[in-house]
Amino acid sequence: FVAIDISDQSRRNVSAYIETLRKTFPSLRVGWEQAEKLHLTLKFLGNVEEDRLRRLKLIVEEISKNSSKFSLRFSKTGVFPSAKNPRVLWIDVFDAEGCLTHLNNLLEVECAKIGFQPEKRRFVPHLTIGRVRKPPEARELAKKHLATAFEPVGFEVSEIVIYESILQPTGSKFQKTASFKLI
């Protein structure tokens, strides 16, 4: 997948928030995101063979060379698809300039040219913090999450990263395949 890493300060703030929710709802089955895996997905790719990975790297490098650094801020909390049926808990990304959506659009167009399926859903920039295993049991968690005023934290985006997700018995691990600096 192609992603944006978040700052260390953002990572600490979000991790502390996740820990608060985990302690408040210890019996719920939620796949909480680990601090080192927190990121903003620009484009999910699925399995990628070597030749397409090589071409993907060229695409991301070109997009990076033509894109400026920009700032983002985490602020509000959210749930997909709804508070009554919470499957994903997330934190909103405030992107005043629409830079993430612009990068996503560029990636969608260029990746389609090398055979990647375009995403059918509209791009909604967000930071996933947890995946609920049994949504009907997690309504109170969703209600608490949505009512929480997450302390806003801003950071600068200075690179685009390509990650490989490696499945292990203990869960997935993300390995950086390549990163490209923004101008």
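Please read these numbers as outputs of a predicted model, since none were measured by experiment.

Considering the overall build of the protein
So, step 1. The secondary structure content of the protein amounts to four helices and nine strands.
So, step 2. The helix and strand sequence of the protein, counted from the amino end, reads β-α-β-β-α-β-β-α-β-α-β-β-β.
So, step 3. Rg of the C-alpha trace for the protein: 17 Å, near the compact-globule value of 16 Å for 183 residues, within the 12% margin.
So, step 4. Dimensions of the protein, computed from the C-alpha atoms along their principal axes, are close to 45 × 35 × 25 Å.
So, step 5. Counting all 183 residues of the protein, 44% fall into the buried class.
So, step 6. When contacts within the protein are restricted to residue pairs at least 6 apart in sequence, long-range pairs at least 24 apart make up 76% of them.
So, step 7. Total accessible area computed for the protein in this model is approximately 10400 Å², and 50% of it derives from carbon and sulfur atoms.
So, step 8. Across the protein, the centroid of the 30 positively charged side chains sits 6 Å from that of the 22 negatively charged ones.

Digging into the sheet that holds strand β6 (residues 126-132)
So, step 1. Ordered in space as β2-β6-β5-β4-β7, the five strands form an open sheet in which the pairing is antiparallel. Pairing within the sheet leaves two strands with one partner each, and these edge strands are β2 (30-32) and β7 (153-157). Looking at each pair of strands side by side, their axes are set apart by 35 degrees on average, direction ignored.
So, step 2. Relative to β6, β2 runs antiparallel, the two sharing three bridges. For Trp32, the partnering residue across the bridge sits in β6 and is Gly130.

Details of the pattern of salt bridges
So, step 1. Applying the stated criterion to the full structure yields 12 salt bridges.
So, step 2. As a salt-bridge pair, Arg55 and Asp51 come within 3.5 Å of each other at their nearest N and O atoms. Pair noted here: Arg55 and Asp51 are both in helix α2 (residues 50-65), with a separation of four residues, about one helical turn.
So, step 3. Its relative accessible area of 40% is what places Asp51 among the partly exposed residues.
So, step 4. For Lys176, the salt bridge goes to Glu159, with nearest N and O atoms at 3.7 Å. Residue Lys176 is located in strand β9 (residues 171-181), and its partner Glu159 is located in strand β8 (residues 159-168); the two are separated by 17 residues in the primary sequence.
So, step 5. Here the salt bridges do not stand alone but share partners, grouping Asp5, Glu159, Lys176 and Lys181 into one network.

Notes on the side chain of Glu33
So, step 1. With respect to the helices and strands, the residue Glu33 is situated in the loop between β2 and β3 (39-43).
So, step 2. Accessibility expressed as a relative area gives 13% for Glu33, which makes it buried.
So, step 3. Aside from chain neighbours lying at most four places away, what touches Glu33 is Ile18, Leu38, Thr128, Ile129 and Arg131.

Regarding the packing of aromatic side chains
So, step 1. Tallied over the entire structure, the rule returns six aromatic pairs.
So, step 2. Judged by centre distance (4.9 Å) and plane angle (75 degrees), the ring pair of Phe1 and Phe174 falls under edge-to-face. One end of the pair, Phe1, is in the segment before β1 (2-5); the other, Phe174, is in strand β9, and 173 residues separate them in sequence.
So, step 3. On the numbers, 5.2 Å between centres and 40 degrees between planes, the contact of Phe74 with Phe155 is tilted. Here the residue Phe74 occupies a position in strand β4 (residues 70-81), and Phe155 occupies one in strand β7, the gap between them amounting to 81 residues.
So, step 4. Aromatic ring contacts, followed pair by pair, group Phe1, Tyr163 and Phe174 into a single cluster.
So, step 5. Cation over ring: Arg52 sits above Phe116, and NZ or CZ is 4.1 Å from the ring centre.

Here is what the cut-offs are and how they apply
- Residues numbered from 1 in each chain as written.
- Predicted model: local features only at pLDDT ≥ 70, side-chain atom pairs only at ≥ 80, totals over all residues.
- Heavy atoms only, no water.
- Helix = DSSP H or I, 4+ residues; strand = E, 2+ residues; numbered from the N terminus.
- Rg over C-alpha atoms; globule rule 2.2 N^0.38 Å.
- Buried < 20%, exposed > 50% of the residue type's maximum accessible area, 1.4 Å probe, protein only.
- Contact = heavy atoms within 4.5 Å.
- Areas by Shrake-Rupley, 256 points an atom, 1.4 Å probe, with all protein chains shown as cover.
- Lys, Arg positive; Asp, Glu negative; His and termini not counted.
- Charge placed at Lys NZ, Arg CZ, Asp CG, Glu CD.
- Pairing = 2+ DSSP bridges.
- Axes fitted to C-alpha atoms, helices over the stretch in contact; angles between N-to-C directions.
- Salt bridge = Lys/Arg side-chain N within 4 Å of Asp/Glu carboxyl O.
- Phe/Tyr/Trp six-rings, centres within 6.5 Å; stacked < 30°, edge-to-face > 60°.
- Lys NZ or Arg CZ within 6 Å of the ring centre and 35° of its normal.

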